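Survey of secondary and tertiary structure
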Amino acid sequence: MNIILLGDCHLRASSPEGRIDNFLETQLRKWDFILEFAQKNNAIILQAGDLFHNPTPSYSLINEFIEKVLNLQNQPFMLVVQGQHDMMMRSNDRKRTALGLLENLDFIYVANNKPFSISHGWEVYGVGFGEDY
């Protein structure tokens, strides 16, 4: 089993102060690499919090992310831990967040304090910001 471990991606449509590149394109190229690498190596993706920079990023960013995953022949499994930037007002209710949307569309699985079996007896727990473990 192969695992790609990421953390603090902070996907966002706007450029952070000091960036001189096209930040959105740079992020999307990185995700192209990650998704293709996962597909070629039969790897799952573990994202350890703050997939997004805020809970409601632009529709264009979410759409681009979804299109990238849909364009793959074999979508990699993504297990995501909810970070504080993924949360709406520090609430665990994901109904109005991008993370919740991707979870409802079965693009990602949001880890929690219950074991999630990934392979051969390996279990992953993902305790997000402010959650009890």
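For the structure given in this document, a descriptive report is provided here. (Residues numbered from 1 in each chain as written. Predicted model: local features only at pLDDT ≥ 70, side-chain atom pairs only at ≥ 80, totals over all residues. Heavy atoms only, no water.)

Points about a nonpolar patch on the surface
Nonpolar side chains collect at one region of the surface, where M1, I3, L5 and W122 lie side by side and expose about 460 Å² of accessible area between them. Positionally, W122 belongs in strand β6 (residues 122–124). Taking relative accessible area as the criterion, W122 reaches 53% and is therefore assigned exposed. (Patch = residues over 30% accessible without salt bridge, like charges linked within 9 Å, V, L, I, M, F, W, Y side chains within 5 Å. Areas by Shrake-Rupley, 256 points an atom, 1.4 Å probe, with all protein chains shown as cover. Salt bridge = Lys/Arg side-chain N within 4 Å of Asp/Glu carboxyl O. Helix = DSSP H or I, 4+ residues; strand = E, 2+ residues; numbered from the N terminus. Buried < 20%, exposed > 50% of the residue type's maximum accessible area, 1.4 Å probe, protein only.)

Let's talk about the environment of N2
Position of N2 relative to the elements: it lies in strand β1 (residues 2–6). On the accessibility criterion, N2 (40% relative accessible area) is partly exposed. Taking the C-alpha atoms as reference, N2 lies 32 Å from S14; in sequence the two are 12 residues apart. Of note is the side chain of N2, whose polar atom sits 2.6 Å from the backbone oxygen of N41. (Polar contact = N/O pair within 3.5 Å; in protein donor to acceptor, adjacent residues only side chain to side chain.)

Focus on the nonpolar core
Of all hydrophobic cores here, the largest spans 26 residues; its most connected members are W31, I45, L51, F52, M78, L102 and I108. Residue assignment for this core shows that the elements contributing at least two residues are β1, α1 (23–40), β2 (43–47), α2 (59–70), β3 (78–80) and α3 (98–104). Leave out the neighbours within four places in its chain, and I108 touches M78, V80, L99, L102 and E103. I44, L79, V81 and V124 belong to the second largest nonpolar core, which has seven residues in total. (Core = buried A, V, L, I, M, F, W, Y, C linked by side-chain atoms within 4.5 Å. Contact = heavy atoms within 4.5 Å.)

A closer look at the environment of N54
You can see N54 is positioned in the loop between β2 and α2. Separated by 3.2 Å, the side chain of N54 and the backbone nitrogen of T56 make a polar contact.

Digging into the side chain of T97
Secondary-structure assignment places T97 in the loop between β3 and α3. Using a relative accessible area of 5% as the deciding quantity, one classes T97 as buried. A polar atom in the side chain of T97 sits 3.0 Å from the backbone nitrogen of G100. Contact partners of T97, with chain neighbours within four places excluded, come to P55, D86 and M88.

Quick look at the pairing of strand β5 (residues 116–119)
Pairing between β5 and β6: three bridges, direction antiparallel. The residue of β6 that forms the bridge with S117 is E123. Here β5 hands over to β6 after two residues, with H120 in that stretch at a positive phi of 45°. (Pairing = 2+ DSSP bridges.)

So, the pattern of salt bridges
A full pass over the atoms with the stated rule returns three salt bridges. A salt bridge links K68 to D32; its shortest N-O distance comes to 2.6 Å. Of this pair, K68 sits in helix α2 while D32 sits in helix α1; the two residues are 36 residues apart in sequence, bridging distant segments of the chain. Its relative accessible area of 16% is what places K68 among the buried residues.

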